[in-house]
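Residue-level listing of the chains:
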Amino acid sequence: MRITQHPILTFNRGKEIHFTFNGQPMTGYEGETIAAALHAAGVKVLAKSLEKHRPRGFYCAIGNCASCQMVVDGEPNVRTCITLLREGMTVETQEGKGKIK
Amino acid sequence: MKEVELLIIGSGPAGLCAAISAASSGARVLILERSFRPGGQLIKQTHMFFGSEAQYASHRGVDIADILLDKVRALGDRIEIMLNTTAVAFYEDNVVTALKDEKEYFKIKAKSIVCATGAFEKSLAFPNNDLPGIYGAGAVQTLMNVYGVKPGDRVLMVGAGNIGVIVSYQLMQAGIQVVAVLDAAPRIGAYLVHASKLARMGVPILTSHTVKEAIGTDCIEAAVVCEVDEKFQPIPGTETRYDVDVLCISVGLSPLNELLAMRGVEMKYVPQLSGSVPMRTETCETCIPGVFVAGDASGIEEASSAMVEGYLAGLCAAAKLGHVPEDFEARKQDYLKQLEDLRSGPVGDRIRAGMKLTQL
């Protein structure tokens, strides 16, 4: 799902970053957001809605809409569309409001 | 409490230009930017801008961001940019509170403020519009042009305004199939030069069409599209199904300016400017002296006018603080003239009508 050839842009991807999604090992690149790395790996469902547990993906990708909130390193409600990947991050699908520890 | 001379909220085209303008006059500027990189939405715009030389016409948005950031750097320590910092409140005593890195909460007291907070993408109501794979057109632009990630393989674009049509073309540049562009309006809203590019590549642009529903379980798998009559009501029997894994919504933007409303700035709902906007003078000052607004936060237009408004607001905000350059009046008139030119002609009808309603 990554663009390799583009008539205008060149994508200089940084070094590989390793993280987990629901326990599965994943790889992204330095300088990209959690949501972008997940999308590149084919993961589009990021959370489940509060009441009806419907699947949620991102919508705005610039931190406005709260549709992309996930549990990151145990912390719920992290806006993954504007949060950069870090080595060793644990990322999990968020169910509803999540629990603050 | 952090004390600053001029606080600018937002580092998009309006915020950066306001900072450049004010700091060139001698003001000390602090910019708050909630993202981890400055430039606002310019950083994903790969198309060349229209307008005139003064607004960097025939440069790509992404390059304009670099030009503006070079100008900011050239002004040295007169401009400080705090990234990952969200302005969360704006109080009556002109104190702004901000949250840095999602944990450090602090107060800022500014003598003058330019609110350049931009806009957000509207959504559209139809059954299953919350399925993953249904994204704002700007979100898709960010994903593919900033991160180089494909949103999917087959895209249906809703909205034939400039953003919808430009993003459709950019999707094709990234090797993604656009099955159709539709718009409930009876005419294409985008500039014809953009729409023609799509037409030449064989993408149908369906006017008087809307989305009836999205279909899918975990993600969107298809969309049902139908024709609408002159009152925008669906016409039974006209349904067509498109198997797509992405549906882009490009039905306009709303100004983001809750901070100004919170501060008590007089606001007005102006449909021509796409939402609730602050009343202001011709030099972008709101009813509260020293509180300015620029760019999409003051009403939805284009990046070109956002930049000019930024230059104007920055110039006038700095002047009120005592930093009056020798050519103040000439520059002010030049910016006003540039705005008038950008809003001229039939395309600017709506904007001009909206502007009249917001003048203090």
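About the cut-offs
- Residues numbered from 1 in each chain as written.
- Chains lettered and ligands numbered in written order.
- Predicted model: local features only at pLDDT ≥ 70, side-chain atom pairs only at ≥ 80, totals over all residues.
- Helix = DSSP H or I, 4+ residues; strand = E, 2+ residues; numbered from the N terminus.
- Buried ≥ 20, exposed ≤ 12 C-beta atoms within 10 Å, placed from the backbone.
- Pairing = 2+ DSSP bridges.
- Axes fitted to C-alpha atoms, helices over the stretch in contact; angles between N-to-C directions.
- Contact = placed C-beta atoms within 7 Å.
- Nonpolar A, V, L, I, M, F, W, Y, C, P; charged D, E, K, R; others polar.
- Domains from an automatic or database assignment.
- Core = buried A, V, L, I, M, F, W, Y, C linked by C-beta atoms within 7 Å.
- pLDDT = per-residue confidence, 0-100.

Things to note about unusual backbone geometry
Residues and elements named next belong to chain B.
No. 1: Its identity as a non-glycine residue notwithstanding, Ser 58 has a phi of 60°, on the positive side.
No. 2: Tracing the backbone shows Ser 58 in the loop between strand E2 (29–32) and helix H2 (61–74).
No. 3: For Asn 128, which is not glycine, the phi torsion reads 70° and is therefore positive.
No. 4: With respect to the element layout, Asn 128 can be found in the loop between strand E7 (119–121) and strand E8 (134–136).
No. 5: With 17 C-beta atoms counted inside 10 Å, the residue Asn 128 sits in the partly exposed group.

Quick notes on the sheet that holds strand E12 (residues 209–216) of chain B
Within a sheet, neighbouring strands are paired by backbone hydrogen bonds and run either parallel or antiparallel to one another.
All names here are of chain B.
No. 1: The three strands lie next to each other as E12-E13-E14, forming an open sheet whose pairing is antiparallel. Of all the strands in the sheet, just E12 and strand E14 (240–243) have a single pairing partner and so form its edges. Looking at each pair of strands side by side, their axes are set apart by 25° on average, direction ignored.
No. 2: With seven bridges connecting them, E12 and strand E13 (residues 220–227) associate as antiparallel partners. Note that in E13 the partner of His 209 across the bridge is Glu 227.

Quick notes on the pairing of strand E6 (residues 104–115) of chain B
Residues and elements named next belong to chain B.
No. 1: Pairing geometry for strand E1 (residues 2–9) and E6, over seven bridges, is parallel. Bridged to Leu 7 within E6 is Ile 113.
No. 2: Bridging between strand E5 (residues 95–100) and E6 involves six bridges; their strand directions are antiparallel. Bridge pairing in E6 links Val 96 to Ile 108.
No. 3: Counted along the chain from E5 to the antiparallel partner E6, the turn is three residues long, and its residue Asp 101 has a positive phi close to 55°.
No. 4: With three bridges joining them, E6 and strand E19 (residues 291–293) adopt parallel strand pairing. Within the sheet, the bridge partner assigned to Val 114 lies in E19 and is Phe 292.

Some details on the interface of chain A and chain B
Put simply, an interface is often sized by how much accessible area is lost when its parts join up.
No. 1: Between chain A and chain B, the contact holds 27 residues from the first and 26 residues from the second.
No. 2: Every element with two or more residues in the side of chain A that touches chain B is listed here: helix H1 (34–40) and strand E4 (55–56) of chain A.
No. 3: Considering each element in turn, the side of chain A that touches chain B owes the most residues, three residues, to H1(A).
No. 4: Among the residues making up the side of chain A that touches chain B, the classes are represented as 17 nonpolar, five polar and five charged.

Points about the domain arrangement of chain B
Residue and element names in this part refer to chain B.
No. 1: Per the domain assignment, the segments making up chain B are domain 1 (2–120 + 253–358) and domain 2 (123–249).
No. 2: One C-alpha centre belongs to domain 1, the other to domain 2; they are set 31 Å apart.
No. 3: Contacts between the two partners involve five residues from domain 1, matched on the other side by seven residues from domain 2.
No. 4: Counted by class, the side of domain 1 that touches domain 2 contains one nonpolar, three polar and one charged residues.

So, the nonpolar core
Burial of nonpolar side chains together is a common tendency in soluble globular proteins.
All names here are of chain B.
No. 1: Residues Ala 19, Val 114, Leu 247 and Cys 248 are the most contacted members of the largest nonpolar core, which totals 137 residues.
No. 2: The leading source of residues in this core is helix H7 (residues 303–320), at 12 residues.
No. 3: Counting contributing residues, this core receives three or more from each of domain 1 (2–120 + 253–358) and domain 2 (123–249).
No. 4: The residues touching Cys 248, leaving out its near neighbours within four places in the chain, are Tyr 135, Ala 137, Val 140, Val 155, Met 157, Val 158 and Val 167.

Focus on the confidence of the model for chain B
No. 1: Here chain B averages 95 in pLDDT, and 100% of its residues register 70 or above.
No. 2: Interface confidence for the predicted complex, given as ipTM, is 0.95, next to a pTM of 0.94.

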